[in-house]
Amino acid sequence: MKTALILGATSEVALALADQLAAKSVNLILAARNVENILPVKSDLSIRYGITVSVVAFDAANPSTHKHFYESLVPKPDTVICVFGYLGDHTRALTDWEECTTILNSNYVGAVSILNVIANDFENRKEGMIVGLSSVAGERGRQSNYLYGSAKAGFTAYLSGLRNRLFKSGVQVITVKPGFMKTRMLKGMKTSPFLTAQPEKAAALIIRAMHHKKDVVYVLPTWKWIMLIIRNIPEFIFKKLKL
Amino acid sequence: MASDLLTNWNNYPIEKSEVSSPVFAEDFYTQLAESSSFIVRGNGRCYGDASLSPHVISALKFNRVLNFDEARGILTCQSGLLLSDILDLIMPRGWFLPVTPGTRFITVGGAVASDVHGKNHHKDGSFSQHIVSMKVLSPNGEIVVCSALENSEYFWFTCGGMGLTGIILEVTFTLKKIETGYIKQVQIKSEGLDEVLDLFEQYSHYTYSVAWIDCLKKGPHFGRSILMLGEHATIPELNGRQHVYPKKSKTLSVPFHFPSFVLNGLSVKAFNSVFYAKNYKREMHSIASCESFFYPLDAILHWNRIYGRKGFVQYQFVVPKDRGKEGIREILTRISNKGWGSFLAVLKLFGTQQGPISFNMEGYTLALDIPINAKLFAFLDELDIMVKEYGGRIYLTKDARMKAEIFHSTYPNASRFTSFLSEIDPEKKIVSSLSRRLSIK
Ligand SMILES: Cc1cc2nc3c(=O)[nH]c(=O)nc-3n(C[C@H](O)[C@H](O)[C@H](O)COP(=O)(O)OP(=O)(O)OC[C@H]3O[C@@H](n4cnc5c(N)ncnc54)[C@H](O)[C@@H]3O)c2cc1C
């Protein structure tokens, strides 16, 4: 790994990934909608670790700009971590189409759009690694967040297809499925420490999966077993549950 | 926002707080606009309630290095950066902190807000002396760029202002050039209090000086102590040690609350091992790593838990030089007669004062830890009056119990400070438990 592109660099997991990759002397391209916010990260990591960090504007929700965005990157990354996503307001999205399309676009359409471009380049170069942050919410639709969940389900299926296609070109595709993540967003929500990953811990687990060239990884690992159970609840029971 | 029980280094008081942890500057603007009142917290290394309040904004995630001019030794960073992180960055490149307290686990914001001092105060002043400029977010949402030359009133009330003038966002300060990561150390034993106070004068040309006093010794050897002096070592002085910058040593952690005799036991041992060293010499010369010279207690993480659950206070006061000897002797006698205090007290000589609201003044300062008991606060109130009579004062960042009246009558610029604060923060947006207790806001 020489240069990693982090798409959606302002989230706390993305920042933790940047910190930990920088400490391993990986050069970084940090892409986010609000470039202003990550300028301090750029100075910090380049001063502390002597690596090259560049900061570029990127809007996941605007696919028409994605091809140009990627073409203008010099040098090209050999690793891409697609972190962006948008939880949104599920209840509002049920009646507000704009909120609903933002959820679908940020979590699925936008990711497909940029990764299509990158996948073609990596396939030609016969190298590289693509890491996508999907979600356990994509494994089974629940009444409380199935719009987000269905977009993430689409993204999970996309990554699995991409992995299948790029295997013969030597490109590694990793699907990361976080459960709860402790962030400044998780306001007032009480979550179990056994199910909630600190951003630093999540980043460390993701980097370990990259090191071991894993295909699919749950963060935290307990979620693997929880989702195994959740996937196997018969639908006639599942539909009655308050989830 | 999570609601937590928060307490600072001395485990007293413990308060329920909502804590939010901004990552970007704009998060602070949002917090300022949305919250009714709050205080900013660094790494919670103060001994009391200065960074406690029902709503706390933690600066710890706001910790990026913004610029490092390696040729001139000037660093700019966000306020939540820890001094330990700064040392990791600058020491291998030949720089050191201009002023450092006895722990490296504090933030730059905390260093400014308490205007911290080190063992070199008599030579180099306190932290504020080395600030080139800083950016403070005022309670009304304005960014104030300030320094000793620009917006100087804002600057001086922010240094030592205990976080009450606004949110310190960025600080630019100068560093000290070093050749190695070692200190040329001299330890001098003294058999009594007058002797050690004279030694401070005699050796005031040394950059670093501090004395550890045995508080239990009575009679003719009352105040027996070890004066520690230091200078940064040059490469030739290392006599061929392998690394010019020592590798970081491991730290030990104290995992739970201990009864207090354990710590006293430890410090008694450390003190006696020097005092009664086999090759008894009055003066001992050695080379010590910066880590062990400046931060001996950092080697044991969470040593504060050793004092048990009730917590402790650190009593630190300063008395002016002219009657300093008398003051230190009288107050130390009172403390040692009670026998509640820790075995060791730390004594330092201060140079002249910088900021109008800073703790430092030319004189002697003494600090010691005392575990909390039912009669302690009444006793400390009596000591406060003695400190006041000697023209001295108590260090706010170490205080958890002083009466408001003592603060207002011992800090000469207290009323200027409070009227400045009511001018810039009429709605009392930035308030801490300390500022309420001491009727500052
Ligand atoms: C073992 C030990 C040894 C020590 N030795 C010394 C010493 O030798 N000399 C000395 O001077 N002190 C010493 N101290 C005290 C310590 O240096 C100060 O209390 C320091 O302010 C703690 O900084 P902090 O980052 O932990 O901040 P906190 O303890 O969390 O807060 C301290 C004050 O700073 C304010 N503050 C913090 N960040 C900001 C910000 N970004 N904007 C506005 N206000 C802010 C808070 O509101 C509060 O008033 C020592 C402490 C310990 C535990």
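Residues numbered from 1 in each chain as written. Chains lettered and ligands numbered in written order. Predicted model: local features only at pLDDT ≥ 70, side-chain atom pairs only at ≥ 80, totals over all residues. Heavy atoms only, no water.

### Thoughts on the overall build of chain B
Okay, step 1: Along chain B, the regular secondary structure elements total 13 helices and 21 strands.
Okay, step 2: Compactness check: chain B gives a C-alpha radius of gyration of 21 Å against a globular reference of 22 Å for 441 residues, within 12% of the reference.
Okay, step 3: Taking the principal axes of its C-alpha atoms as reference, chain B extends roughly 65 × 50 × 45 Å.
Okay, step 4: Counting only residues that meet the buried cut, chain B has 61% of its 441 residues in that class.
Okay, step 5: Put simply, 74% of the contacts in chain B that link residues at least 6 apart link residues at least 24 apart.
Okay, step 6: On chain B, roughly 17,300 Å² of surface is accessible, and the fraction owed to carbon and sulfur atoms is 54%.
Okay, step 7: Averaging the coordinates of the 48 positive side-chain charges in chain B and doing the same for the 43 negative ones gives two points 7 Å apart. (Helix = DSSP H or I, 4+ residues; strand = E, 2+ residues; numbered from the N terminus. Rg over C-alpha atoms; globule rule 2.2 N^0.38 Å. Buried < 20%, exposed > 50% of the residue type's maximum accessible area, 1.4 Å probe, protein only. Contact = heavy atoms within 4.5 Å. Areas by Shrake-Rupley, 256 points an atom, 1.4 Å probe, with all protein chains shown as cover. Lys, Arg positive; Asp, Glu negative; His and termini not counted. Charge placed at Lys NZ, Arg CZ, Asp CG, Glu CD.)

### Considerations on the sheet that holds strand E5 (residues 65–69) of chain B
Sheet strands pair by backbone hydrogen bonding; their relative direction is either parallel or antiparallel.
All names here are of chain B.
Okay, step 1: If you trace the 5 strands from one edge of the open sheet to the other, you get E5-E6-E10-E8-E9, paired in antiparallel fashion. Of all the strands in the sheet, the pair left with one neighbour each is E5 and strand E9 (143–146). Strand-to-strand twist across the sheet, computed as the mean angle between neighbouring axes with direction ignored, equals 10°.
Okay, step 2: As paired elements, strand E8 (residues 131–137) and strand E10 (residues 167–174) share 6 bridges and run antiparallel to each other. Note that in E10 the partner of Leu137 across the bridge is Ile167.
Okay, step 3: Sheet strands touched by helix H2 (residues 83–90): E5, strand E6 (74–78) and E10. Its angle to E5, the strand with the most contacts, is close to 40°. (Pairing = 2+ DSSP bridges. Axes fitted to C-alpha atoms, helices over the stretch in contact; angles between N-to-C directions.)

### Regarding unusual backbone geometry
Okay, step 1: The omega torsion across Val74 of chain A and Pro75 of chain A is -10°, close enough to zero to call that bond cis.
Okay, step 2: Mapped onto the fold, Pro75 of chain A is located in the loop between helix H3 (66–71) and strand E4 (79–82).
Okay, step 3: For the bond from Tyr12 of chain B to Pro13 of chain B, the omega torsion is -10°, close enough to zero to count as cis.
Okay, step 4: Although it is not a glycine, Ser25 of chain A adopts a positive phi angle of roughly 60°.
Okay, step 5: Relative to the helices and strands, Ser25 of chain A is located in the loop between helix H1 (12–23) and strand E2 (27–32).
Okay, step 6: Here Ser439 of chain B, not a glycine, exhibits a phi torsion of approximately 45°, which is positive.
Okay, step 7: Tracing the backbone through its elements, the reader meets Ser439 of chain B in the segment after helix H13 (433–437).
Okay, step 8: Overall, Ser439 of chain B belongs to the partly exposed group, its relative accessible area being 45%.

### Some thoughts on the interface of chain A and chain B
Okay, step 1: At the interface, 16 residues of chain A touch 18 residues of chain B.
Okay, step 2: Counting across the interface, chain A meets chain B through 4 salt bridges.
Okay, step 3: Taking the shortest distance from any N to any O, the salt bridge between Lys61 of chain B and Glu12 of chain A comes out at 2.8 Å.
Okay, step 4: There are 8 residue pairs in polar contact (both at pLDDT 80 or more) connecting chain A and chain B.
Okay, step 5: Of all the secondary structure elements, the ones that give two or more residues to the side of chain A that touches chain B are H1 and helix H2 (35–49) of chain A.
Okay, step 6: At 8 residues, the largest contribution of residues to the side of chain A that touches chain B is made by H2 of chain A.
Okay, step 7: Grouping the constituent residues of the side of chain A that touches chain B by class yields 5 nonpolar, 5 polar and 6 charged. (Salt bridge = Lys/Arg side-chain N within 4 Å of Asp/Glu carboxyl O. Polar contact = N/O pair within 3.5 Å; in protein donor to acceptor, adjacent residues only side chain to side chain. Nonpolar A, V, L, I, M, F, W, Y, C, P; charged D, E, K, R; others polar.)

### Digging into the site of the ligand
Residue and element names in this part refer to chain B.
Okay, step 1: What surrounds the ligand is a group of 34 residues, the closest being Val40, Arg45, Thr107, Ser114 and Tyr395.
Okay, step 2: Here a nitrogen atom of the ligand sits 3.1 Å away from a polar atom, N or O, in the main chain of Gly102.
Okay, step 3: At 3.0 Å from a nitrogen atom of the ligand is found a main-chain nitrogen or oxygen belonging to Ile168.
Okay, step 4: For the ligand, whose accessible area on its own is 960 Å², the fraction buried by protein is 97%.
Okay, step 5: The set of elements that each furnish at least two residues to the shell around the ligand consists of strand E3 (39–41), helix H3 (108–113) and E10.
Okay, step 6: A per-class count over the shell around the ligand returns 15 nonpolar, 15 polar and 4 charged.
Okay, step 7: Per-domain counts for the shell around the ligand show at least three residues from each of domain 1 (65–178) and domain 2 (182–401). (Near = heavy atom within 4 Å. Domains from an automatic or database assignment.)

### Quick look at the sheet that holds strand E5 (residues 129–133) of chain A
Residue and element names in this part refer to chain A.
Okay, step 1: Taken in spatial order, the 7 strands line up as E3-E2-E1-E4-E5-E6-E9 in an open sheet, and their pairing is parallel. Each edge of the open sheet is held by one strand with a lone partner, namely strand E3 (53–57) and strand E9 (216–219). Going across the sheet, the axis of each strand differs from the next one's by a mean of 15°, ignoring polarity.
Okay, step 2: Across 5 bridges, E5 lies against strand E6 (residues 172–178) in parallel orientation. Residue pairing across strands places Leu133 opposite Val176, the latter belonging to E6.
Okay, step 3: The strands touched by H2 are E2 and E3; relative to E3, the strand with the most contacts, the crossing angle is about 170°.

### Observations regarding the side chain of Asn8 of chain B
Residue and element names in this part refer to chain B.
Okay, step 1: By secondary structure assignment, the location of Asn8 is in the loop between strand E1 (2–7) and strand E2 (14–20).
Okay, step 2: Taking the relative accessible area as the measure of exposure, Asn8 reaches 2% and is therefore buried.
Okay, step 3: Among the polar contacts made by the side chain of Asn8, one reaches the side chain of Arg41 at a distance of 2.8 Å.
Okay, step 4: Looking at Asn8, its side chain comes within polar contact range of the side chain of Ser51, at 3.1 Å.
Okay, step 5: Apart from residues lying up to four places away in sequence, Asn8 is in contact with Arg41, Gly44, Cys46, Gly48, Asp49, Ala50, Ser51 and Leu52.

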